[in-house]
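Listed below are the residues making up each chain.
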Amino acid sequence: MRALILETPGNPPKLAYRDTPEPALGPRDALLRVLACGLCHHDRLAMTGVLRRGIPSNAILGHEICGEVVKLGSAVTRVALGRRVVPLLTNACGECERCLAGQEHRCISGQGIGHGVPGGFAPYVAVRETALATVPDGMPPEQACLLACPTGVALQAIQDVACLKAGETVVVTGASGGLGVHAVQLARAMGARVIGVTSSESKLGPLMELGAEDVVLAGGELDFSEIVLAMTGERGADVVLDTVGSPLFGSTVRCLAQYGRLVLLGEVEGRPAQLNLAEVLFRDAVIRGSTGVNRRQLEQAVAMAAGGQVKPVVHATLPLRDILIGIGWMQERRLFGRVVLLPNG
Ligand SMILES: [Zn+2]
Ligand SMILES: [Zn+2]
């Protein structure tokens, strides 16, 4: 099969689109024909060499997969041939204490799909059956591939980490990015008032269509935290979902109300952040990180998409070999939602 191999990370990375053996199947693995694979910031950071941990040489990246089951290992019982499925981000064993407790994304022996084990930037990928959720046949694969990361990842952060309640005010930074556009929709579906933060004026209208009540432009004369305070009668936001990280740290904390919760979902630059810690103390603030998604919440994301409560936002689809066009759009911040790659088309 012709897969995209990351030969040497860098800017630009050295990539090869070349023949490589089809993945071997273990007894509890399913072989998926990859119908669509989202292009995540994680992939861009791995390609450019910012993120090196856990990336083997000659890696096949890509963890935002929708595939059709085309072959089964001898002991598979959970999925059937021909079904359309979406994997978690981790090839979870299904047997360890964390998997049995429903924390498959923290599986003790689990390896990340698209770094520890080969990912979806290839026509075929092998995934442990316990890491799969079934999606309705009629759901377009370019949308379904976004249901684990970024949709499920945003859902977990909102539901389990931020513990967002109806009626609360939530600020979403990087609101027009892949995590942001889905976090805005999910927070709105849960009855919160959503304030989006974006760097581009052209994205204001589309974000309001997704459910943001207000949208603030970052990078203006006034820090966006000042605008958020003004919009909330100087009270601040109950929750900030930050998909950007260090470049906004400080401003994100200053958006918080008393007892506010800041949840970190992304770090785009991999740099240290600076903050006067009194800003945290005086607010009784909570700062937490959140990554990944477990199977229960992936299944919930699938159900919410099937029910129309969240619509995966696809900026464009590209053949896998044109990945560098997508990376370029990312770097120019031209995206609204995700670029989705088609390894078989
Ligand atoms: Zn992702
Ligand atoms: Zn496990």
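Keep in mind that what you see is a predicted model, and the values were worked out from it rather than measured.

1. What to know about helix α1 (residues 41-48)
Item 1. Most of α1 sits out of view: six of its eight residues are buried.
Item 2. Inspection of α1 places D43, R44, L45, A46, M47 and T48 among the buried residues, and these make up the whole buried set.
Item 3. Where α1 is buried, its residues touch β1 (2-8), β2 (14-19), β3 (29-39) and α11 (323-331).
Item 4. One or two positions beyond α1, positive phi appears at G49, with a value near 90°.

2. Thoughts on the coordination of the zinc ion (ligand 1)
Item 1. For the zinc ion (ligand 1), the full set of protein donor atoms is C40 (SG), H63 (NE2), E64 (OE) and C149 (SG), at a range of 2.0 to 2.3 Å.
Item 2. Bound by four donor atoms, the zinc ion (ligand 1) shows angles of 88 to 123° at the metal and therefore tetrahedral coordination geometry.
Item 3. Along the chain, the residues that donate to the zinc ion (ligand 1) are spaced as C-x22-H-E-x84-C. Of this pair, C40 sits in the loop between β3 and α1 while E64 sits in strand β4 (residues 64-72); the two residues are 24 residues apart in sequence, bridging distant segments of the chain.
Item 4. Overall, the relative accessible area of 0% leaves E64 in the buried class.

3. Comments concerning the sheet that holds strand β13 (residues 237-242)
Item 1. Read across the sheet, six strands follow the order β12-β11-β10-β13-β14-β15 without closing on themselves; strand pairing throughout is parallel. Strand pairing shows two members of the sheet lacking a second neighbour, β12 (214-217) and β15 (286-289), which therefore form its edges. When strand polarity is set aside, the average angle formed by the axes of neighbouring strands in this sheet is 20°.
Item 2. In this sheet, β15 lies alongside strand β14 (residues 256-264) in parallel orientation, the contact comprising four bridges. Considered in β15, the bridge of R261 is made with V286.
Item 3. Set on the sheet, helix α4 (residues 147-161) makes contact with β13, β14 and β15; between it and β15 the angle comes to about 145°.
Item 4. Against the sheet, helix α5 (residues 178-189) contacts β10 (169-172), β11 (193-198) and β13, and its axis sits at roughly 170° relative to β10.

4. A closer look at the environment of I287
Item 1. Of note, I287 is situated in strand β15.
Item 2. With a relative accessible area of 34%, I287 lands in the partly exposed category.
Item 3. C-alpha of I287 to C-alpha of A30: the two residues are 257 residues apart in sequence and 38 Å apart in space.
Item 4. Excluding anything up to four places from it in sequence, I287 contacts F249, V253, L262, L264 and V280.

5. Re the domain arrangement of the chain
Item 1. By domain assignment, the chain separates into domain 1 (2-146 + 312-342) and domain 2 (151-289).
Item 2. Here the C-alpha centroids of domain 1 and domain 2 sit 28 Å apart.
Item 3. Contact residues are listed per partner, giving 14 residues for domain 1 and 18 residues for domain 2.
Item 4. Linking domain 1 to domain 2 there are zero salt bridges.
Item 5. Run the count over domain 1 and domain 2 and you get six residue pairs in polar contact (both at pLDDT 80 or more).
Item 6. When its residues are assigned to classes, the side of domain 1 that touches domain 2 shows eight nonpolar, two polar and four charged.

6. Examining the nonpolar core
Item 1. The biggest cluster of nonpolar side chains holds 96 residues, and the ones touching the most others in it are F121, V170, L241 and L298.
Item 2. Counting residues per element, this core draws most heavily on α4, which supplies nine residues.
Item 3. Both domain 1 (2-146 + 312-342) and domain 2 (151-289) contribute no fewer than three residues apiece to this core.
Item 4. Setting aside residues up to four positions removed in sequence, L298 forms contacts with V86, P87, L88, A133, L147, A148 and V293.
Item 5. Residues V228, V253, C255 and V280 belong to the second largest nonpolar core, which totals 16 residues.

7. Considerations on the side chain of T48
Item 1. Checked against the element boundaries, T48 lands in helix α1.
Item 2. Among the polar contacts made by the side chain of T48, one reaches the main-chain carbonyl oxygen of L45 at a distance of 3.3 Å.
Item 3. If we ignore the near neighbours within four places in the chain, the residues touching T48 are P9, G10, N11 and Q331.

8. Some words on the pattern of salt bridges
Item 1. This model, assessed by the stated rule, comprises 19 salt bridges.
Item 2. The salt bridge partner of R28 is E95, with a shortest N-O separation of 2.6 Å. Of this pair, R28 sits in the loop between β2 and β3 while E95 sits in the loop between β6 (90-91) and α2 (97-100), and the two are 67 residues apart along the sequence.
Item 3. The partner of R296 in a salt bridge is D160, and the shortest N-O contact between them spans 3.6 Å. With R296 in helix α10 (residues 295-306) and D160 in helix α4, this pair connects stretches of sequence that are 136 residues apart.
Item 4. Given the relative accessible area of 48%, R296 is considered partly exposed.

9. What to know about the packing of α1 against α11
Item 1. Across the interface, α1 lies against α11 with an axial gap of 11 Å and an inter-helix angle of 100°. In terms of their interaxial angle, α1 and α11 are classed as roughly perpendicular. Between α1 and α11, the residues in contact are H41, R44, M47 and T48 and I323, I327, M330 and Q331, respectively.
Item 2. Split into classes, the residues belonging to the contact of α1 with α11 amount to four nonpolar, three polar and one charged.

Basis of the calculations
- The residue numbers shown here count from 1 along each chain, following its written sequence.
- Following the order in which they are written, the chains are lettered starting with A and the ligands numbered starting with 1.
- With the structure being a predicted model, the display of local features is reserved for residues of pLDDT at least 70 and the display and counting of side-chain atom pairs for 80 or more, all residues being used for whole-chain, interface and lining totals.
- Just so you know, side-chain values use all the structure's heavy atoms and leave hydrogens and water out.
- Only protein chains enter the accessibility calculation, which uses a 1.4 Å probe; a residue is then buried when its area is under 20% of its type maximum, exposed when over 50%, and partly exposed in between.
- Numbering of helices and strands runs from the N terminus, with a helix taken as a DSSP run of H or I at least four residues long and a strand as a DSSP run of E at least two residues long.
- Residue contacts follow a heavy-atom distance rule, with two residues in contact if any of their heavy atoms lie within 4.5 Å.
- Donor atoms: N, O and S within 2.8 Å of the metal, or within 3.2 Å for Na, K and Ca. Because water is excluded, sites can look incomplete.
- Between 85 and 135 degrees for all angles marks four donors as tetrahedral; over 155 degrees for opposite donors together with 65 to 115 for all other angles marks four donors as square planar and six as octahedral; every other arrangement is irregular.
- At least two bridges found by DSSP between two strands is the condition for calling them paired.
- Axis definition: a line fitted to C-alpha atoms, limited for helices to the stretch in contact. Angles are taken between N-to-C directions and run from 0 to 180 degrees.
- Boundary definitions for the domains trace back to an automatic or database domain assignment.
- The salt bridge criterion pairs a side-chain nitrogen of Lys or Arg with a carboxyl oxygen of Asp or Glu, the two atoms within 4 Å.
- Throughout this description, a polar contact denotes any pair of N or O atoms lying within 3.5 Å of each other; where both atoms belong to protein, one of them has to be capable of donating a hydrogen while the other can accept it, and for residues adjacent in sequence the pair is counted only when both atoms sit in side chains.
- Note on residue classes: Ala, Val, Leu, Ile, Met, Phe, Trp, Tyr, Cys and Pro are nonpolar, Asp, Glu, Lys and Arg are charged, and everything else, Gly too, is polar.
- Among the buried residues, those of types Ala, Val, Leu, Ile, Met, Phe, Trp, Tyr and Cys that are joined through side-chain atoms within 4.5 Å form a nonpolar core.
- Here roughly perpendicular refers to angles of 65 to 115 degrees, roughly parallel to angles under 35, roughly antiparallel to angles over 145, and oblique to all remaining angles.

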